[in-house]
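Understanding the architecture of this molecule
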2 protein chains.
Amino acid sequence: MNAEIIAVGSELLLGQIANTNAKFISSQLSELGVNVYYHTVVGDNAARLEEVIAVAEKRANIIVFSGGLGPTKDDLTKETIARQLGVELAFDETALTYIEAFFERLGRPMTDNNKKQALVLAGSDVLANHHGMAPGMIFERNDKIYILLPGPPKELEPMFQFEAKPKLAARLTDGAIILSHVMRFYGIGEAELEVAVQHILDNQTNPTVAPLASDGEVTLRITAKADNEQEARRLIEAKAAEIQAIVGQFQYGINDDSLASKTVEALLANNLTIAAAESLTAGLFQAELAEIPGVSGTLAGGVVTYNEHTKTEQLGIAPELFAEYGVVSSECAAAMAESVRAKFGTNIGVGLTGAAGPDGHGKQPAGTVWIGISMEGRDVQTYKLQLSGMRNTNRLRAVKFTCSYLLRLLNEK
Amino acid sequence: MNAEIIAVGSELLLGQIANTNAKFISSQLSELGVNVYYHTVVGDNAARLEEVIAVAEKRANIIVFSGGLGPTKDDLTKETIARQLGVELAFDETALTYIEAFFERLGRPMTDNNKKQALVLAGSDVLANHHGMAPGMIFERNDKIYILLPGPPKELEPMFQFEAKPKLAARLTDGAIILSHVMRFYGIGEAELEVAVQHILDNQTNPTVAPLASDGEVTLRITAKADNEQEARRLIEAKAAEIQAIVGQFQYGINDDSLASKTVEALLANNLTIAAAESLTAGLFQAELAEIPGVSGTLAGGVVTYNEHTKTEQLGIAPELFAEYGVVSSECAAAMAESVRAKFGTNIGVGLTGAAGPDGHGKQPAGTVWIGISMEGRDVQTYKLQLSGMRNTNRLRAVKFTCSYLLRLLNEK
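Basis of the calculations
- Residues numbered from 1 in each chain as written.
- Chains lettered and ligands numbered in written order.
- Predicted model: local features only at pLDDT ≥ 70, side-chain atom pairs only at ≥ 80, totals over all residues.
- Heavy atoms only, no water.
- Helix = DSSP H or I, 4+ residues; strand = E, 2+ residues; numbered from the N terminus.
- Buried < 20%, exposed > 50% of the residue type's maximum accessible area, 1.4 Å probe, protein only.
- Contact = heavy atoms within 4.5 Å.
- Areas by Shrake-Rupley, 256 points an atom, 1.4 Å probe, with all protein chains shown as cover.
- Lys, Arg positive; Asp, Glu negative; His and termini not counted.
- Charge placed at Lys NZ, Arg CZ, Asp CG, Glu CD.
- Phe/Tyr/Trp six-rings, centres within 6.5 Å; stacked < 30°, edge-to-face > 60°.
- Lys NZ or Arg CZ within 6 Å of the ring centre and 35° of its normal.
- Axes fitted to C-alpha atoms, helices over the stretch in contact; angles between N-to-C directions.
- Parallel < 35°, antiparallel > 145°, perpendicular 65-115°, else oblique.
- Left-handed = near helix turned anticlockwise from the far one by under 90°.
- Nonpolar A, V, L, I, M, F, W, Y, C, P; charged D, E, K, R; others polar.
- Pairing = 2+ DSSP bridges.
- Salt bridge = Lys/Arg side-chain N within 4 Å of Asp/Glu carboxyl O.
- Buried area = accessible area lost by both parts, 1.4 Å probe.
- Domains from an automatic or database assignment.

1. Quick word on the overall build of chain A
If you tally the helices and strands in chain A, you get 16 helices and 17 strands. Based on the C-alpha atoms only, the size of chain A along its principal axes is roughly 80 × 55 × 40 Å. Residue burial in chain A is summarised as follows: out of 413 residues, 57% are buried. Sequence-distant contacts, at least 24 apart, represent 67% of the contacts inside chain A between residues at least 6 apart. With the model as given, the accessible surface of chain A reaches about 16500 Å², and the carbon-plus-sulfur share is 49%. The positive charge centre, built from 36 side chains, and the negative charge centre, built from 50, are 1 Å apart in chain A.

2. Digging into the packing of aromatic side chains
According to the stated counting rule, one finds six aromatic pairs over all chains in the structure shown. An aromatic cluster is defined as three or more aromatic residues linked by ring pairs; in this entry it consists of Tyr186, Tyr383, Phe401 and Tyr405 of chain A. Cation over ring: Arg48 of chain A sits above Tyr37 of chain B, and NZ or CZ is 3.6 Å from the ring centre. Here Arg59 of chain A stacks its cationic end above the ring of Tyr38 of chain A, 3.8 Å away from the centre of that ring.

3. Some words on the packing of helix H2 (residues 20-31) of chain B against helix H7 (residues 153-171) of chain B
All names here are of chain B. Contact geometry of H2 with H7 gives a least axis separation of 11 Å together with a crossing angle of 20 degrees. Comparing the axis directions of H2 and H7 gives the class roughly parallel. The two elements H2 and H7 cross, and the hand of that crossing is right-handed. Between H2, through Thr20, Asn21, Phe24, Ile25, Gln28, Leu29 and Glu31, and H7, the contact on the second element is made entirely by Pro153, Leu156, Glu157, Phe160, Gln161, Lys165 and Leu168. Across the contact of H2 with H7, the residue classes break down as seven nonpolar, four polar and three charged.

4. Things to note about the sheet that holds strand S6 (residues 125-127) of chain A
Within the open sheet, the twelve strands sit side by side as S6(A)-S7(A)-S8(A)-S3(A)-S1(A)-S2(A)-S2(B)-S1(B)-S3(B)-S8(B)-S7(B)-S6(B). Their pairing is mixed. Pairing within the sheet leaves two strands with one partner each, and these edge strands are S6 of chain A together with strand S6 (125-127) of chain B. With direction set aside, neighbouring strand axes in the sheet form an average angle of 15 degrees. With five bridges joining them, strand S1 (residues 2-8) of chain A and strand S3 (residues 62-66) of chain A adopt parallel strand pairing. Note that in S3 of chain A the partner of Glu4 of chain A across the bridge is Ile63 of chain A. Packing of helix H4 (residues 77-85) of chain A onto the sheet brings it into contact with S1, S3, strand S7 (136-141) and strand S8 (144-149) of chain A, and relative to S8 of chain A it is tilted by some 160 degrees. Seen against the sheet, helix H4 (residues 77-85) of chain B touches strand S1 (2-8), strand S3 (62-66), strand S7 (136-141) and strand S8 (144-149) of chain B and runs at an angle of roughly 160 degrees to S8 of chain B.

5. Some words on the pattern of salt bridges
Throughout the structure, instances matching the rule amount to 29 salt bridges over all chains. Here Lys262 of chain A and Glu265 of chain A are joined by a salt bridge, their closest N and O atoms 3.1 Å apart. Of this pair, Lys262 of chain A and Glu265 of chain A both sit in helix H11 (residues 259-269), three residues apart, which is roughly one turn of the helix. Residue class for Glu265 of chain A comes out partly exposed when judged on its relative accessible area of 43%. Ionic pairing is found between Lys400 of chain B and Glu217 of chain B, a salt bridge with its closest N-O pair at 2.9 Å. Taken together, the residues span a long stretch of sequence, with Lys400 of chain B in helix H16 (residues 391-412) and Glu217 of chain B in strand S11 (residues 217-226) at a distance of 183 residues. Note on accessibility: Lys400 of chain B and Glu217 of chain B belong to one class, buried. Among the charged side chains, a network of salt bridges with common partners joins Asp125, Glu140, Lys167 and Arg171 of chain A.

6. Remarks on H4 of chain B
Of all nine residues making up H4 of chain B, seven are buried, and the element is well covered by its neighbours. Within the sequence span of H4 of chain B, burial applies to Thr77, Lys78, Glu79, Thr80, Ile81, Ala82 and Leu85 of chain B.

7. Some words on the sheet that holds strand S15 (residues 348-354) of chain B
The mixed open sheet is built from ten strands, whose spatial order is S17(A)-S16(A)-S15(A)-S13(A)-S14(A)-S14(B)-S13(B)-S15(B)-S16(B)-S17(B). The open sheet terminates on both sides in strands that have one partner only, identified here as strand S17 (381-386) of chain A together with strand S17 (381-386) of chain B. Averaged over neighbouring strand pairs, the angle between their axes works out to 15 degrees when direction is ignored. As paired strands, strand S13 (residues 274-278) of chain A and strand S14 (residues 299-305) of chain A are joined by five bridges and run parallel to one another. Looking at S14 of chain A, one finds that Ala276 of chain A is bridged to Gly302 of chain A. The strands touched by helix H15 (residues 330-344) of chain A are S13, S14, strand S15 (348-354), strand S16 (368-375) and S17 of chain A together with strand S14 (299-305) of chain B; relative to S15 of chain A, the strand with the most contacts, the crossing angle is about 145 degrees.

8. Considering the interface of chain B and chain A
Across the contact, 71 residues belong to chain B and 67 residues belong to chain A. In total, about 5700 Å² of surface goes out of reach between chain B and chain A, with carbon and sulfur atoms giving 55% of it. At the boundary of chain B with chain A, the tally comes to two salt bridges. Glu51 of chain A is the salt-bridge partner of Arg59 of chain B, the closest N and O atoms lying 3.1 Å from each other. Class assignment of the residues belonging to the side of chain B that touches chain A gives a composition of 32 nonpolar, 25 polar and 14 charged. Relative to strand S2 (residues 35-42) of chain B, strand S2 (residues 35-42) of chain A runs antiparallel, the two sharing five bridges. Within S2 of chain B, the residue paired with Val41 of chain A across the bridge is His39 of chain B.

9. Thoughts on the domain arrangement of chain A
Often, the extent of an interface is quoted as the loss of accessible area on bringing the components together. Under the domain assignment used here, chain A contains domain 1 (2-173), domain 2 (177-254) and domain 3 (259-411). Placing a centre on the C-alpha atoms of domain 1 of chain A and another on those of domain 3 of chain A gives a separation of 43 Å.

10. Looking at the environment of Leu32 of chain A
Residue and element names in this part refer to chain A. As for its placement among the helices and strands, Leu32 is situated in the loop between helix H2 (20-31) and S2. According to the relative accessible area criterion, Leu32 is buried, its value standing at 9%. Distance from Leu32 to Asp143, taken between C-alpha atoms, is 18 Å for residues 111 residues apart in sequence. Each residue touching Leu32, except ones within four places of it in the same chain, is listed here: Lys165, Leu168, Ala169 and Ile178.

As structure tokens, then:
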């Protein structure tokens, strides 16, 4: 089986955005053993889209479309495909109900063009959109599989991974099933990880093992093909154990885990409350934790002290400390952590200070970060990071390292 | 003139990297008044590359290739084009000398496949590579312009911008230039905006007007084609004024502006300091402002009070207020804003409270948000949002709405 990915959207041809959807879909299809031979990008133009589809039908078994399912006149992907295949468009009641409810909750007038988003190719297998309004669909005709997905990555990625992929796998593997398992690592570089498991990457057959790096995290995706789920799981567990024996100390989670979700999980499991005093991260650490439902069981809150004055006023840190050690120092991070823990009466206090960049801070170069963690009944711990990269990358990295250090301390307990 | 961009490289089809070269080249070509109608990605496979070139020759005047100019067997872009056009490959002496010197400096033996990188299409206009070994080239045949560029962005981008672009501009008989201008809106939906300016979208010719929505923001990109920049700017300004007359109250900025950057800009321009008390957003508002360099001139800091207890302890909000109005209320948002302004001694205080979801809060359904803004010398203002969607979408939307309300208040001053 081979596939072509067709992205529809003039914003791509104007160079406003890159075609990251094709990258995502390609990596997902490769796990299903589908060869992607072509990516095509075409604008919001019916005639050119028709021509592109005709070309794709000549050279691909599976045609995946992204974009053009929205409410505007520019959105014409499904209309064009329906016309070309001589298929009717019909309302998907589930989607329609959701869209109407959405505007009701919003108290915003629902214009008719919004309804258009609930139209699907008659007879297609509808893919639910849990992050937006336009449903996707899988449609089969003349031994070709057409998959239509919305353009926004936030909607397309989960829809492909959790809705389209299993349905496609069932169509492709005649009985055989394909399972994926993601191992998540932090605190180890991609190259370093690859070298450590090189022999596994070199000799992979089934399961396959694919490394992927993003935002300072590295993942290994194990994909097994077997006659039944139990056998696939057995293959995955064996491979995962093999990998853990080598780099297990850097693994923090699996699949959809995030450093924040694992941290909140561990805090709740240990019945510990937490507060944070943030300088360079300016609330990002608390905001990341707050993305996790149930966080209110552990996060009391904290303070953002963005200058020396507020560190003294709000946290009672003596100006002498800044004079002696500087604001970007182990001493300042420790004092912030202890002070905010006392101030909020929590079991744990976290202090984050540093020079996010682009400029350094005093003698500290941009990217220098100090993290302090104060836990009831133990000495305050401090950690130094020397990050590079952009201002905002540094801030996010600082937050992720804080989570990984917290996880280690909590697991030691 | 219209163009097709062909990226050659299996790593793109495997989903290992995104086709950022096509994005860059597209934005550069649009400035030259060249319409890009298609992007194509094909693997390191001669037969499929030949087929893709044949298709492109039927539909484009300019064909831009990226990748496949390197030393390995996989690199076959120029070899394939040469064979297809019946053109010889000849050594470019400049490139050859550079490559030889490179290996001499390294003190490493130069393998013959490295020499291959100095081969160019005979009779082509060579594009120097100041960041790598493989030169690029512009080749003309049968009224078609073929542009070959190396794959690595750090080689391709400067080569296109400083070598290919001027040479291409000189070849384009029609000396028209194209300018784009992006209008950024907040607080209005994509469909709603489109209905409001429908007559403009329906009757667009030059300038063209294209809507694009993401993360609750909507943009209109105005693109004008004219004989000179002054005329293009005149066309854009006229169209922008026409649009502003209809939906101007929702516009917050242009081009690369963000709600956070405009807010920080306005705060600094007015010499105002700000602090925030955040509940549902848990620091996200402060963290978003902190993404903007120079924010330390206005952001003092703030508090995250994630439960009633901390709102009372840290902000001195009377428990009676929660009992009477609830935590998710205009009264609570106002009290948080005034209290944090006093606590941090700033000119402005912001209070954010709400039910992010998935669950509601007391009688308040998920997505209910109250924003309070306390400004020195004015009555505290509060705003209610009824958002839907995901927990974290709601939190980011709440932050963006806060910025948009702040901007309105600051512009009223």
